Amino acid sequence: MTRKSRELKAQGKNVINLSIGEPDFNTPVCIKEAAKKAIDDNFTHYTPVAGTQELRKAIAEKFKNDNGIDYTFDQIIVSTGAKQSIANALMCLVNPGDEVIVPAPYWVSYPEMIKLAEGKMVDIPTTVQQDFKATPEQIEAAITPKTKAFLFNSPNNPSGSVYSKDELKGIADVFAKHKHVYIISDEIYEYINYAGKHESIAQFENIKDRVITINGVSKGFAMTGWRVGYMAAPLEIAKACDKFQGQVTSGTSSVSQQAALEAVKINPCASKELTEMIDTFKTRRDLLYSKLIEIPDVEANIPDGAFYIFANFADYYGKSNGSVTIRNDSDLCIYLLENALVALVPGSAFGNPDCIRISYATSTENLMDASDRIRKSLAQLS
Ligand code: PLP
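Residues numbered from 1 in each chain as written. Predicted model: local features only at pLDDT ≥ 70, side-chain atom pairs only at ≥ 80, totals over all residues. Heavy atoms only, no water.

**Student:** Which parts of the structure should I look at to understand the site of the ligand?
**Tutor:** The environment of the ligand is made up of Gly-81, Ala-82, Lys-83, Trp-107, Asn-153, Asn-157, Asp-186, Ile-188, Tyr-189, Ser-218, Lys-219 and Arg-227. Between the ligand and Asn-157 there is a distance of 2.8 Å, counted from an oxygen atom to a side-chain nitrogen or oxygen. Here an oxygen atom of the ligand sits 2.9 Å away from a polar atom, N or O, in the side chain of Tyr-189. Burial of the ligand by the protein amounts to 92% of the accessible area it has alone, namely 400 Å². (Near = heavy atom within 4 Å. Polar contact = N/O pair within 3.5 Å; in protein donor to acceptor, adjacent residues only side chain to side chain. Areas by Shrake-Rupley, 256 points an atom, 1.4 Å probe, with all protein chains shown as cover.)

This is the structure in structure tokens:
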């Protein structure tokens, strides 16, 4: 899709890219200033593998203030992004043949990381009707003696779904009964949440000693390129990840760590630039949703977080415009790219081929234009 999209752009075609996975906003000024100061102060040497003590302490403080969870700084391991933290956790926990339960739709990297760790992914399908959230009953049914971990993401990429405190409690109560299972909770979209306060599953004491919380500064602080993520974990897991990371990347950039220190000290809800970003995302979400549900036979829900809508287009599979027949999500994405000049991501990449992910990390004008183009192209199929 990316290659094709580039080819069309090179031919001078006005392709609208709705496949974007990062905020289209800039890093707040105070964070950039902290990085400039780090350079001027020659804070440019290796740091400890797990990150500077100051940053790890600030992250522990953030967990206390924002999430109501107590960690000591040595339970925090800073990495080159939430992506590396998830990979660290899986590499340290999963032995060959171990099962990792993942609700679908899931982030594209999870299956590949589980494969790298020689584990076996067990996915739990969910639908738009259940707001793409796995229920305690579904999770209970997926657990076996070989289950090593449950890996999930809220707010979710690609569905935007956000688990409430009650829903998380239901899940925690399941794992309280299955003490051989770790819970890896990817909370990278924590601050891009329109439903209210973010809830972390580690708040539940009956499972806290088996929860690995993953987070970072990429999405909520518009800092994708700085490469700083972190985990909060039981001490033995944190130590193992420190050791593992030490042979792979060492500590992440010293300058980025100083920028991240500034970021985690500000609560995004108290930052004008960041609250404006979240408000803009919410306005765009409402706009895109209203445009999508105007399209016949497209099913979507209003997501509570992240910056994606995962809409069901399966009613268009099997239809044709006379020259092309749409067999599946990939065909439909190629058709919409060539015909509507809109780039999207097929749902099969996220474990649900009935759907397509539409990112609203772009301007209102682009969203209006792209949804009109999608509607017109779909109308040519019968
Ligand atoms: N987890 C999810 C669900 C994501 O969507 C992404 C990025 O797209 C990441 C983790 C990786 O974040 P980072 O940039 O911190 O590595």
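There is more to say after this.
**Student:** Can you walk me through empty space enclosed by the protein in this structure?
**Tutor:** A probe matching the size of a water molecule, rolled over the atoms, marks out where space remains unfilled. A complete count under the given rule lists 1 cavity of 30 Å³ or more for this structure. One number sums up the size of the largest cavity: a volume of about 70 Å³. Lining the largest cavity are Val-102, Pro-103, Ala-104, Pro-105, Tyr-106, Tyr-110, Phe-132, Leu-151, Phe-152, Asn-153, Asn-156 and Tyr-163. When residues of the lining of the largest cavity are traced back to their parent elements, those giving at least two are strand S3 (99–104) and strand S5 (147–153). Grouping the amino acids of the lining of the largest cavity by side-chain chemistry returns 10 nonpolar, 2 polar and no charged. (1 Å grid on protein atoms, 1.4 Å probe; cavity = no way out; pocket = protein on both sides within 12 Å on 5 of 7 lines; lining within 4 Å. Points joined across faces, edges and corners; volume = space filled by probe spheres on them. Helix = DSSP H or I, 4+ residues; strand = E, 2+ residues; numbered from the N terminus. Nonpolar A, V, L, I, M, F, W, Y, C, P; charged D, E, K, R; others polar.)

**Student:** Is there a simple way to explain the environment of Ser-185 in this structure?
**Tutor:** Here Ser-185 lies in strand S6 (residues 182–186). Each C-alpha atom, one on Ser-185 and one on Ile-101, is 12 Å from the other, the two residues being 84 residues apart in sequence. At 2.6 Å, the side chain of Ser-185 and the side chain of Glu-187 are in polar contact.

**Student:** In this structure, what is going on with the side chain of Ser-79? I would like to understand it.
**Tutor:** Inspection of the secondary structure puts Ser-79 in strand S2 (residues 76–79). What makes Ser-79 buried here is its relative accessible area of 0%. A polar contact of 2.7 Å, which involves the side chain of Ser-79, links it to the side chain of Ser-85. Ser-79 has contacts with Gln-84, Ser-85, Arg-227, Val-228, Gly-229, Tyr-230, Gln-245 and Thr-252, leaving out every residue within four places of it along the chain. (Buried < 20%, exposed > 50% of the residue type's maximum accessible area, 1.4 Å probe, protein only. Contact = heavy atoms within 4.5 Å.)

**Student:** Can you help me understand the sheet that holds strand S7 (residues 211–216) in this one?
**Tutor:** Whether parallel or antiparallel, the strands of a sheet pair through hydrogen bonds between backbone atoms. Taken in spatial order, the 7 strands make up an open sheet running S2-S8-S7-S6-S5-S3-S4, and their pairing is mixed. Where the open sheet ends on each side, the last strands, each with one partner, are S2 and strand S4 (120–125). If you compare each strand with its neighbour and ignore which way they point, the axes differ by 20° on average. Pairing of S2 with strand S8 (residues 229–232), which is carried by 4 bridges, proceeds in the antiparallel orientation. Paired with Ser-79 across the strands is Gly-229, a residue of S8. Its contacts with the sheet put helix H8 (residues 235–246) on S2, S6, S7 and S8, and the angle it makes with S2 is roughly 25°. (Pairing = 2+ DSSP bridges. Axes fitted to C-alpha atoms, helices over the stretch in contact; angles between N-to-C directions.)

**Student:** It is not clear to me how the sheet that holds strand S9 (residues 308–312) should be interpreted in this structure. Could you clarify?
**Tutor:** Strand order in this open sheet of 3 strands is S9-S12-S11, and the pairing throughout is antiparallel. The open sheet terminates on both sides in strands that have one partner only, identified here as S9 and strand S11 (345–346). Both S11 and strand S12 (residues 355–359) contribute to a ladder of 2 bridges, which runs antiparallel. Bridging across to S12, Pro-346 finds its partner in Ile-356. Contacts from helix H10 (residues 272–292) reach S9 and S12, with the element oriented near 15° to S9.

**Student:** How do you make sense of the pairing of S9 when you look at a structure like this?
**Tutor:** Strand residues, when the strand is regular, have side chains that alternate between the two faces of the sheet. In terms of burial, S9 is largely enclosed, as 5 of its 5 residues are buried. Both faces of S9 are covered, namely the face carrying Tyr-308, Phe-310 and Asn-312 and the face carrying Ile-309 and Ala-311. The pairing of S9 with S12 spans 5 bridges and is classified as antiparallel. When the sheet's bridge partners are listed, Phe-310 is paired in S12 with Arg-357.

**Student:** Quick question: what am I supposed to make of the packing of helix H4 (residues 82–93) against H8 here?
**Tutor:** Geometrically, a packed helix pair is captured by the angle between its two axes and the distance between the axes. Put simply, H4 and H8 touch, their axes get as near as 9 Å, and they point 105° apart. Here H8 runs roughly perpendicular to H4, going by the angle between their axes. For the pair H4 and H8, the contacting residues are Gln-84, Asn-88, Ala-89, Met-91, Cys-92 and Leu-93 in the first and Ile-237, Ala-240, Cys-241, Phe-244 and Gln-245 in the second. Split by residue class, the contact of H4 with H8 holds 8 nonpolar, 3 polar and no charged. (Parallel < 35°, antiparallel > 145°, perpendicular 65-115°, else oblique.)

**Student:** Is there a simple way to explain the nonpolar core in this structure?
**Tutor:** Taken as a class, soluble globular proteins show a tendency for nonpolar side chains to be buried jointly. Counting residues in hydrophobic clusters, the biggest one holds 118 residues, and the most contacted among them are Ile-201, Ile-212, Phe-313, Leu-332 and Leu-378. With 8 residues, H10 is the largest single contributor of residues to this core. Sequence-distant contacts of Phe-313, that is, excluding residues within four places in its chain, are made with Leu-292, Val-298, Leu-332, Asp-354, Ile-356, Ile-358, Ile-374 and Leu-378. (Core = buried A, V, L, I, M, F, W, Y, C linked by side-chain atoms within 4.5 Å.)

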